[in-house]
Amino acid sequence: MEEIVYTIVNFLMSGTEYQTFCKCAKCRRDIIALSLNKLPSHYVTTDEGRNRIYEQLNTPENRQWINKRIISAIHVIGKYPQHDTK
Ligand SMILES: [Zn+2]
């Protein structure tokens, strides 16, 4: 799940839609952490398990569901950045 969220966050943040949001490393990490807190972790211990979960999560419905949570995290962090806006 962490890999998927990481990929999606970087993808969304590089798009034009989120141009106005802070893209520093701290905000990205906060967005990823906040998203992960709202999503099931799906920890796995083997590569085989990882591939299985990845396939399970990588369906259009699941990706849309994950996207929604990430987008809400982007907005929360964008509104209340965890650092000074100097
Ligand atoms: Zn920032």
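From a predicted model like this one, the values you see are computed outputs, not experimental measurements. Each chain carries its own residue numbering, running from 1 in the direction its sequence is written. Given that the model is predicted, a residue must reach a pLDDT of at least 70 before its local features are reported, and side-chain atom pairs must reach 80 or more before they are shown or counted; all residues, however, enter totals for whole chains, interfaces and linings. Neither water nor hydrogens contribute to the side-chain values; these are computed over all heavy atoms in the structure.

This next bit is on the overall build of the chain. Scanning the chain from terminus to terminus reveals 4 helices and 0 strands. Elements are defined by DSSP. Helices are runs of H or I of four residues or more, strands are runs of E of two residues or more, and each kind is numbered from the N terminus. What you see in the chain, going N to C, is helices and strands ordered as α-α-α-α. Seen along its three principal axes, the alpha-carbon backbone of the chain occupies a region of about 45 × 25 × 20 Å. Per-residue burial for the chain yields a buried fraction of 27% across its 86 residues. Within the chain, counting contacts between residues at least 6 apart in sequence, those at least 24 apart form 78% of the total. Positive charges come from Lys and Arg, negative ones from Asp and Glu, while His and the chain ends are left out of the count. For the purpose of locating charges, the reference atoms are NZ of Lys, CZ of Arg, CG of Asp and CD of Glu. Here the chain carries 12 positive and 9 negative side-chain charges, and the mean point of each set is 9 Å from the other. Only protein chains enter the accessibility calculation, which uses a 1.4 Å probe. A residue is then buried if its area is under 20% of the maximum for its type, exposed if over 50%, and partly exposed in between. By the convention used here, residues are in contact when the closest approach between their heavy atoms is within 4.5 Å.

Relative to the helices and strands, A73 is located in helix α4 (residues 60–79). When the C-alpha positions of A73 and K38 are compared, they lie 9.2 Å apart, and in sequence the two are 35 residues distant. If we skip the residues at most four places from it in the chain, A73 touches I31, L34, S35 and K38.

A word on the coordination of the zinc ion. Coordination of the zinc ion by the protein is provided by C22 (SG), C24 (SG), C27 (SG) and H83 (NE2), with metal-donor distances spanning 2.1 to 2.3 Å. Sites may look incomplete because water is not among the atoms; the donors themselves are N, O and S atoms within 2.8 Å of the metal, or within 3.2 Å for Na, K and Ca. Angle rules define the geometry names used: all angles between 85 and 135 degrees makes four donors tetrahedral, while opposite donors over 155 degrees apart and all other angles between 65 and 115 make four donors square planar and six octahedral, leaving every other case irregular. Between the 4 donor atoms coordinating the zinc ion, the angles at the centre fall across 91 to 123 degrees, so the site counts as tetrahedral. Binding-site remark: the zinc ion is held by donors from one chain whose sequence spacing is C-x1-C-x2-C-x55-H. You can see C27 sitting in helix α2 (residues 25–38) and its partner H83 sitting in the segment after α4, a full 56 residues away along the chain.

Once that is clear, we can look at the nonpolar core. We define a nonpolar core as any set of buried Ala, Val, Leu, Ile, Met, Phe, Trp, Tyr and Cys residues linked to one another through side-chain atoms lying within 4.5 Å. Grouped together as the largest cluster of nonpolar side chains are 20 residues, with contacts concentrated most on V5, V9, M13, I31, I66, I70 and I74. For this core, the secondary structure elements donating two or more residues are α1 (2–13), α2, α3 (47–57) and α4. The biggest single contributor to this core is α1, with 6 residues. If we skip the residues at most four places from it in the chain, I74 touches L12, M13, Y18, F21 and I31.

Moving on, we come to the packing of α2 against α4. Helix axes use the C-alpha atoms of the stretch in contact, all axes being lines fitted to C-alpha atoms, and the angles between their N-to-C directions lie in the range 0 to 180 degrees. It is at 9 Å that the axes of α2 and α4 come closest, and there the two elements cross at 135 degrees. Viewed along their axes, α2 and α4 adopt a mutual orientation that is oblique. Crossing of α2 over α4 shows right-handed handedness. Across from C27, D30, I31, L34, S35 and K38 in α2, the residues of α4 making contact are R69, I70, S72, A73, I74, V76 and I77. Each residue gets one label: Ala, Val, Leu, Ile, Met, Phe, Trp, Tyr, Cys and Pro are nonpolar, Asp, Glu, Lys and Arg are charged, and the others, such as Gly, are polar. Each residue belonging to the contact of α2 with α4 can be placed in one class, and the counts come to 8 nonpolar, 2 polar and 3 charged. Our angle categories are set so that under 35 degrees counts as roughly parallel, over 145 as roughly antiparallel, 65 to 115 as roughly perpendicular, and the remainder as oblique. What makes a crossing left-handed is the near helix being turned counterclockwise from the far one by less than a right angle; a clockwise turn instead makes it right-handed.

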